[in-house]
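Residues per chain are reported as follows:
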Amino acid sequence: MKENISIGVFDSGFGGLEILREITKELPQYNYIYLGDTARVPYGNRFQEEVYNFTEQAVDFLFKRDCHLIIVACNTVSSEALRKIQQKYLPENYPEKRVLGVVIPVAEAAIETKNNRIGVIATQGTVNSSVFERELKKLNPKIKLFQRACPLLVAAIEDGKQDSKETRMLLENYLNPLLEKKVDVLILGCTHYGLLEKQIKEIVGDKVKIISEGKIVAEKLKDYLKRHPQIDNVLSKNSEIEFLTTDLTDKFKTLGTVFFGKPFDPKKIFL
């Protein structure tokens, strides 16, 4: 038995650090390795085959670094590559290990709706994939889903403008058509959007339930490990976190601190 068996958290860039922040709040005892593929971000405007190839490289890297379980903290990867990773790549290469995504936990939380009308804001790639519609209708065929691609939000957040008047105007432009559809649940379908939750809440009001991925994924992971003791028993519990990136820049350190909530020391790796 190896001494340091970790939970991997993979994202194309920074947003997954918000997922990691919530996971480590809920489950601080485990060891984690975060990998952000910042050299090739964003994934949202890439071809599906390209997204899959990048994901396979990252998953293979993390498994070789002694991760036993990987959380894909990226909606684009969860929608365009995860199913093939789970159904083909894992059985052929790492049958005893697991890779989980963010979409299904969020869908499970979102179906608690009064009027069966759910809104989603996400990247263009996630909207085009129809992954939320597919997973929500599996759980409740009566769901009516209304989606808006928000191509300018990620750039606004990464430019440090999440509290600006311009971003507020963008949010109103993206959200008002969903409010006109009388949605009572709103899925923030991009890991970046958790940083805008306060502003979004001010716009949509108290009658709309906001599903922010970080908290949901953390809660679902805790439940998953309780239900799978064979995985939990393998994992090391030394409360250690390693931060890795494919492009070590000042932006990764400064912006990453915003997402993770405190400073950290990343290392550069190559995929």
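Preceding block: the structure.
All values derive from a computational prediction rather than experimental measurement. (Residues numbered from 1 in each chain as written. Predicted model: local features only at pLDDT ≥ 70, side-chain atom pairs only at ≥ 80, totals over all residues. Heavy atoms only, no water.)

Asks: When you look at the pairing of strand β9 (residues 241-245) in this model, what are you seeing that I'm missing?
Replies: Put simply, side chains in a regular strand alternate between the two faces of the sheet. Relative to β9, strand β2 (residues 32-36) runs parallel, the two sharing five bridges. Counterpart to G36 in the pairing with β9 is T245. Relative to strand β10 (residues 267-268), β9 runs parallel, the two being bridged by two bridges. Following the sheet pairing, T245 is matched in β10 by K268. (Pairing = 2+ DSSP bridges. Helix = DSSP H or I, 4+ residues; strand = E, 2+ residues; numbered from the N terminus.)

Asks: Quick question: what am I supposed to make of the pattern of salt bridges here?
Replies: When charged atoms on two side chains of opposite charge get close, those side chains can pair. One pass over the full model with this rule turns up 17 salt bridges. A salt bridge links R21 to E18; its shortest N-O distance comes to 3.3 Å. One end of the pair, R21, and the other, E18, are both in helix α1 (residues 16-26), three residues apart, so they sit about a helical turn from each other. Judged on exposure class, the residue R21 and its partner E18 are both buried. In this structure, R227 engages D223 in a salt bridge whose closest nitrogen and oxygen atoms are separated by 2.8 Å. Of the two residues, R227 and D223 are both situated in helix α11 (residues 213-227); the distance of four residues between them amounts to about one turn of the helix. In this structure D223 comes out as partly exposed when scored by relative accessible area, which is 36%. (Salt bridge = Lys/Arg side-chain N within 4 Å of Asp/Glu carboxyl O. Buried < 20%, exposed > 50% of the residue type's maximum accessible area, 1.4 Å probe, protein only.)

Asks: I tried to follow unusual backbone geometry on my own but got confused; where do I start?
Replies: Peptide bonds are mostly trans, and most non-glycine residues show a negative phi. Note that the residue after V41, namely P42, is joined by a cis bond; omega there is 0°. Structurally, P42 is set in the loop between β2 and α2 (48-64). Here N116, not a glycine, exhibits a phi torsion of approximately 65°, which is positive. Tracing the backbone through its elements, the reader meets N116 in the loop between α5 (103-110) and β5 (117-122). N116 gets classed as partly exposed once you look at its relative accessible area, which sits at 21%.

Asks: I keep staring at the sheet that holds strand β4 (residues 98-100) and nothing clicks. Help me out?
Replies: In sheet architecture, strand pairing relies on hydrogen bonds along the backbone and comes in two forms, parallel and antiparallel. Read from one edge of the open sheet, six strands run β4-β3-β1-β2-β9-β10, paired in parallel fashion. What marks the edges here is a single partner per strand, and that holds for β4 and β10. Where α11 meets the sheet, it contacts β1 (6-11), β3 (67-72) and β4, and its direction lies at approximately 150° from that of β3. (Contact = heavy atoms within 4.5 Å. Axes fitted to C-alpha atoms, helices over the stretch in contact; angles between N-to-C directions.)

Asks: What should I look at first to understand the environment of I216 in this one?
Replies: Mapped onto the fold, I216 is located in helix α11. For the pair I216 and A109, spaced 107 residues apart in sequence, the C-alpha to C-alpha distance is 7.3 Å.

Asks: It is not clear to me how the pairing of strand β8 (residues 209-212) should be interpreted in this structure. Could you clarify?
Replies: Pairing between strand β7 (residues 185-188) and β8: four bridges, direction parallel. Within β8, the position partnered with V185 by the bridge is K209. The handedness of the β7 to β8 crossover, carried by helix α10 (residues 197-204), is right-handed. (Right-handed = clockwise from strand over helix to strand, strands pointing away.)

Asks: Would you mind showing me how to read the side chain of T113 here?
Replies: Checked against the element boundaries, T113 lands in the loop between α5 and β5. A distance of 3.4 Å separates the side chain of T113 from the backbone nitrogen of N115, its partner in a polar contact. Engagement of the side chain of T113 in a polar contact is seen with the side chain of D184, the distance being 2.5 Å. Dropping the residues within four chain positions of it, T113 is found in contact with I118, I143, D184 and V185. (Polar contact = N/O pair within 3.5 Å; in protein donor to acceptor, adjacent residues only side chain to side chain.)

Asks: Would you mind showing me how to read the packing of α5 against helix α7 (residues 131-139) here?
Replies: Orientation of α5 relative to α7, taken along the N-to-C sense of each, is 50°, at an axis distance of 9 Å. Taken together, the axis directions place α5 and α7 in an arrangement best described as oblique. Crossing of α5 over α7 shows right-handed handedness. Here V103, I104, V106, A107, E108 and A110 of α5 come into contact with α7, specifically with V131, F132, E135, L136 and L139. Its residues assigned to classes, the contact of α5 with α7 shows nine nonpolar, no polar and two charged. (Parallel < 35°, antiparallel > 145°, perpendicular 65-115°, else oblique. Left-handed = near helix turned anticlockwise from the far one by under 90°. Nonpolar A, V, L, I, M, F, W, Y, C, P; charged D, E, K, R; others polar.)

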